[in-house]
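Observations on chain architecture
The residues making up each chain are set out below.
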Amino acid sequence: MKNNKKRKGFVFKTYEAENQSPFEKLFEIFKELITHTSGDFDEAIDWMRSLDVEYKLTDENYTIDDFIEDLKKKGYIKDETKGDGTGGTKITPKTERAIRQQALNHIFGKIKRSGSGNHKSKSPGIGDEHTGDLQAYQFGDSLDKVSITESIKNAQINNGIDSFSLTENDLVVEETLHKSQMSTVLMIDISHSMILYGEDRITPAKKVAMALAELITTRYPKDTLDIIVFGNDAWAIQIKDLPYLQVGPYHTNTVAGLSLAMDLLRRKRNTNKQIFMITDGKPSCLRLPDGQYYKNSNGLDEHIVNKCYAMAQQARKLRIPITTFMIAQDPYLMQFIRTFTKANQGKAFYTGLKGLGEMIFEDYETNRKKRIKG
């Protein structure tokens, strides 16, 4: 008698890439290029045409011109009249949001694949975010934290189905994390060195800022994020301005950036406050009381450096930790950052550009979640 039962098991087959429309494929490339060109649509399209010639991105059924037309129809770009009266094309807020979402997906995708991190945590306990971990019920644990499914399963294992009974020894509770509201200031160095030496350092910094902004606005809406750029001076920018961020012919006024960051955080009601600083160069500029600038790019200027140390200590007194993400590898600059970090009792990561986004996100997640005992 033949066995007609269907066989169960794994089926292996050749990997097939996710089916994307021609527009979707080009849009992924476009979002990357528009970030690199700081929002310059015409330059991004010129790059796409060059890539199309080299890599055959399109065919006669769907051309770059078709793609541009679809961008307009879908609301990703719009026509504009420039200040000189000439016409042009610019990206819309819908594109800005898509760029932030892409940056977030890229970084979070890498974090999810990387497995467990290396940050130490305090004890788990009462909170409002589930961890998925279980522990034996203890007197005093809240009943709404009891995992009914797992507890019944324990009772069946321990007592059998025929004489089913649920005892205190069968109960397990799910661990939770207490989530604290966090106010963060992200400082981005836009001094000229961010594009010197043949290395684009500003684009990865922009991507991190856009992804962090998207994370906070969508997942942690009660948290706050302020973004500061600093060159000769420091000023705050809006999230919508991030794709257009460019470096300038600036020195590095770290003191101005820290001063503005602390001013912004003083106004926040949240108890938990922090500063993230992305920089690749040494502090080389101060603004004097009379409005003039004191600049020195030769080595580490003792006067400027001591002002930085004083700002680090001031932030420490305000209980504002500073986490510095150092994307340069010069030994004397790394020593400056070590001393700066010691003055603040903060943290420093000497990441380079590779892994910058993952490092910042993991540190943000760690800082905003506190494990507490009930």
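These numbers were taken from a predicted model, which means no experiment stands behind them. (Residues numbered from 1 in each chain as written. Predicted model: local features only at pLDDT ≥ 70, side-chain atom pairs only at ≥ 80, totals over all residues. Heavy atoms only, no water.)

1. Description of the packing of aromatic side chains
The tally for this structure, following the rule as stated, stands at 12 aromatic pairs. When the ring of Phe23 is compared with that of Phe67, the centres are 5.4 Å apart and the planes differ by 40°; the resulting orientation is tilted. Placement of the pair is Phe23 in helix 1 (residues 22-36) and Phe67 in helix 3 (residues 64-73), with a sequence separation of 44 residues. Judged by relative accessible area, Phe23 falls into the buried class, the value being 10%. By relative accessible area, which is 0% here, Phe67 ends up buried. An aromatic cluster is defined as three or more aromatic residues linked by ring pairs; in this entry it consists of Phe23, Phe27, Phe30, Phe41, Phe67 and Tyr76. Over the face of the ring belonging to Phe23 we find Lys74, whose NZ or CZ atom lies 4.9 Å from the ring centre. (Phe/Tyr/Trp six-rings, centres within 6.5 Å; stacked < 30°, edge-to-face > 60°. Helix = DSSP H or I, 4+ residues; strand = E, 2+ residues; numbered from the N terminus. Buried < 20%, exposed > 50% of the residue type's maximum accessible area, 1.4 Å probe, protein only. Lys NZ or Arg CZ within 6 Å of the ring centre and 35° of its normal.)

2. With respect to the pattern of salt bridges
Across all of its chains, the model carries 13 salt bridges by this definition. Between Arg97 and Glu214 there is a salt bridge, with the nearest N and O atoms lying 2.5 Å from each other. Of this pair, Arg97 sits in helix 4 (residues 93-113) while Glu214 is found in helix 6 (residues 202-219), placing the two residues 117 residues apart along the sequence. Overall, the relative accessible area of 1% leaves Glu214 in the buried class. (Salt bridge = Lys/Arg side-chain N within 4 Å of Asp/Glu carboxyl O.)

3. Considering unusual backbone geometry
Positive phi values are uncommon outside glycine, yet Lys56 reaches one of about 55°. Note on placement: Lys56 falls in the loop between helix 2 (41-55) and helix 3. For Arg319, which is not a glycine, the phi torsion comes out positive at approximately 60°.

4. Concerning the environment of Ala205
With respect to the helices and strands, Ala205 occurs in helix 6. Sequence-distant contacts of Ala205, defined by excluding residues within four places in its chain, comprise Ile188, Met194 and Ile278. (Contact = heavy atoms within 4.5 Å.)

5. Regarding the nonpolar core
Counting 55 residues, the largest nonpolar core has Phe30, Phe67, Leu71, Ile188, Leu212, Ile278 and Ile360 as its most contacted members. Counting residues per element, this core draws most heavily on helix 6, at 10 residues. Judged by nonpolar contacts, the second largest core, of 29 residues, contains Ile228, Met277, Ala328 and Ile337. (Core = buried A, V, L, I, M, F, W, Y, C linked by side-chain atoms within 4.5 Å.)

6. Comments concerning the confidence of the model for the protein
For the protein, per-residue confidence averages 83 on the pLDDT scale, and 82% of positions sit at 70 or higher. Note that residues 114-128 has pLDDT below 50 and, in this model, 29 contacts with residues that lie over four places away or in other chains. Counted against residues more than four places away or in other chains, residues 370-374, with its pLDDT under 50, gives 19 contacts. (pLDDT = per-residue confidence, 0-100.)

7. So, helix 5 (residues 148-159)
Between its terminal C-alpha atoms helix 5 stretches 16 Å, which fits the 16 Å expected from 12 residues at 1.5 Å a residue. Phi turns positive, to about 85°, at Gly160, one or two residues after helix 5. (Expected span 1.5 Å × (residues − 1).)

8. Some thoughts on the packing of helix 1 against helix 6
The interhelical angle for the contact between helix 1 and helix 6, taken along N-to-C directions, is 115°, at an axis separation of 9 Å. Along its contact with helix 1, which presents Glu32, Thr35 and His36, the element helix 6 presents Thr203, Lys206, Lys207 and Met210. Its residues assigned to classes, the contact of helix 1 with helix 6 shows 1 nonpolar, 3 polar and 3 charged. (Axes fitted to C-alpha atoms, helices over the stretch in contact; angles between N-to-C directions. Nonpolar A, V, L, I, M, F, W, Y, C, P; charged D, E, K, R; others polar.)

9. Overview of a negative patch on the surface
A surface patch of like charges, here negative, comprises Asp40, Asp42, Glu43 and Asp46. The residue Asp46 is located in helix 2 in this model. (Patch = residues over 30% accessible without salt bridge, like charges linked within 9 Å, V, L, I, M, F, W, Y side chains within 5 Å. Areas by Shrake-Rupley, 256 points an atom, 1.4 Å probe, with all protein chains shown as cover. Lys, Arg positive; Asp, Glu negative; His and termini not counted. Charge placed at Lys NZ, Arg CZ, Asp CG, Glu CD.)

10. Digging into the side chain of Asp301
Here Asp301 lies in the loop between strand 10 (293-295) and helix 8 (302-317). For the buried Asp301, no salt bridge exists, and the shortest N-O distance to an oppositely charged side chain is 11 Å, to Lys307.

11. So, the environment of Tyr220
Looking at the element boundaries, Tyr220 is found in the loop between helix 6 and strand 6 (224-230). A relative accessible area of 3% places Tyr220 in the buried class. Placed 38 residues apart in sequence, Tyr220 and Met182 show a C-alpha to C-alpha distance of 9.0 Å. In terms of polar contacts, Tyr220 uses its side chain to reach the side chain of Arg219, at 3.2 Å. (Polar contact = N/O pair within 3.5 Å; in protein donor to acceptor, adjacent residues only side chain to side chain.)

12. Re the sheet that holds strand 12 (residues 347-349)
With mixed pairing, the 6 strands of this open sheet are ordered in space as 7-6-5-8-11-12. Two strands bound the open sheet, and with one partner strand each, they are strand 7 (234-237) and strand 12. With strand direction ignored, the average angle separating the axes of adjacent strands in the sheet is 20°. Pairing of strand 6 with strand 7 involves 4 bridges; the strand directions are antiparallel. From the neighbouring strand, Val229 faces strand 7, where its bridge partner is Trp235. Helix 6 contacts strand 5 (182-189), strand 6 and strand 8 (272-279) of the sheet and is inclined by roughly 165° relative to strand 5. (Pairing = 2+ DSSP bridges.)

13. So, the pairing of strand 5
Among the 8 residues in strand 5, 8 count as buried, and that is most of the element. Side chains Met182, Thr184, Leu186 and Ile188 project from strand 5 onto one buried face, and the interleaved Ser183, Val185, Met187 and Asp189 project onto a second face that is buried too. Alignment of strand 5 against strand 8, held across 7 bridges, turns out to be parallel. Counted as the bridge partner of Val185 is Ile275 from strand 8. Between the parallel pair strand 5 and strand 6, the chain is carried across by helix 6, and the sense of this crossover is right-handed. (Right-handed = clockwise from strand over helix to strand, strands pointing away.)

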